[in-house]
Amino acid sequence: MQIVSDDRQLERARDWAQRFHAGQVDKLGRPYIDHVSDVAQRASLHGHEAEIVAWLHDIVEDTPVTLAEIEETFGQTIREGVEGMTRRAGEDYFDDYLPRLQHNALARIVKLADMQHNMAKLDDLCAVNPEDAKRLAEKYARAMAFLTGAVIHTGSQT
């Protein structure tokens, strides 16, 4: 594997995201790359590796790119971060995916940034699909609490 600078790796990850997510849209009909870009910007506060994983965080689930190709191009650390972010077929979100994801620091950083961006869009989604917005708000609150170790209370206490 050829070693390249962090800036070059970052540029390459951004290029891959733009190329492979081209034409994809989110639930609101917006270009999907806008989501990826926002997550990358949020994750960039934690360094180049977190930003690179953020640019690539949905690429294995949503495009033909494989983890092997990511490792070949970006190295093992980035591959492991992207793998942590990639939900496997048949994997339960709370029982399997999040516990696996939390063991990789880069994946955890990027997942929190991903959920922050998704939560910021919930008001817009509520106007289109209130049931989905409510379901996702509850899911993200529970997932955020899990990944940050926060305690959330629901319902009345006895």
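Residues numbered from 1 in each chain as written. Predicted model: local features only at pLDDT ≥ 70, side-chain atom pairs only at ≥ 80, totals over all residues. Heavy atoms only, no water.

*Asks:* Just to check I follow, could you spell out the overall build of the chain for this structure?
*Replies:* Assigned secondary structure in the chain consists of ten helices and zero strands. The C-alpha radius of gyration of the chain comes to 16 Å, within 12% of the 15 Å expected for a compact globule of 158 residues. Dimensions of the chain along its principal axes, counting C-alpha atoms only, are 60 × 35 × 30 Å. Averaging the positions of the 18 positive and the 27 negative side-chain charges in the chain gives two centres separated by 2 Å. (Helix = DSSP H or I, 4+ residues; strand = E, 2+ residues; numbered from the N terminus. Rg over C-alpha atoms; globule rule 2.2 N^0.38 Å. Lys, Arg positive; Asp, Glu negative; His and termini not counted. Charge placed at Lys NZ, Arg CZ, Asp CG, Glu CD.)

*Asks:* Is there a simple way to think about the side chain of Q9 in this case?
*Replies:* Mapped onto the elements, Q9 comes out in helix α1 (residues 6-20). When its relative accessible area of 10% is taken as the criterion, Q9 is described as buried. (Buried < 20%, exposed > 50% of the residue type's maximum accessible area, 1.4 Å probe, protein only.)

*Asks:* In this structure, what is going on with the nonpolar core? I would like to understand it.
*Replies:* The nonpolar side chains of soluble globular proteins are, as a tendency, buried together. In this structure, L56, I70, F74, I78, V82 and M115 are the most contacted members of the largest nonpolar core, which totals 43 residues. Among residues more than four places away in sequence, those in contact with I70 are W16, L56, I59, V60, V65, G75, I78, R79 and V82. (Core = buried A, V, L, I, M, F, W, Y, C linked by side-chain atoms within 4.5 Å. Contact = heavy atoms within 4.5 Å.)

*Asks:* Help me understand the packing of aromatic side chains, please; the structure alone is not making it clear to me.
*Replies:* What describes a pair of aromatic rings is the distance from one ring centre to the other and the angle between the planes of the rings. As enumerated under the stated definition, the model contains four aromatic pairs in all. Judged by centre distance (5.8 Å) and plane angle (70°), the rings of W16 and F20 are edge-to-face. Of the two residues, W16 and F20 are both situated in helix α1; the distance of four residues between them amounts to about one turn of the helix. Here the aromatic rings of W16 and F74 are separated by 5.1 Å at their centres, their planes lie at 80°, and the arrangement is edge-to-face. (Phe/Tyr/Trp six-rings, centres within 6.5 Å; stacked < 30°, edge-to-face > 60°.)

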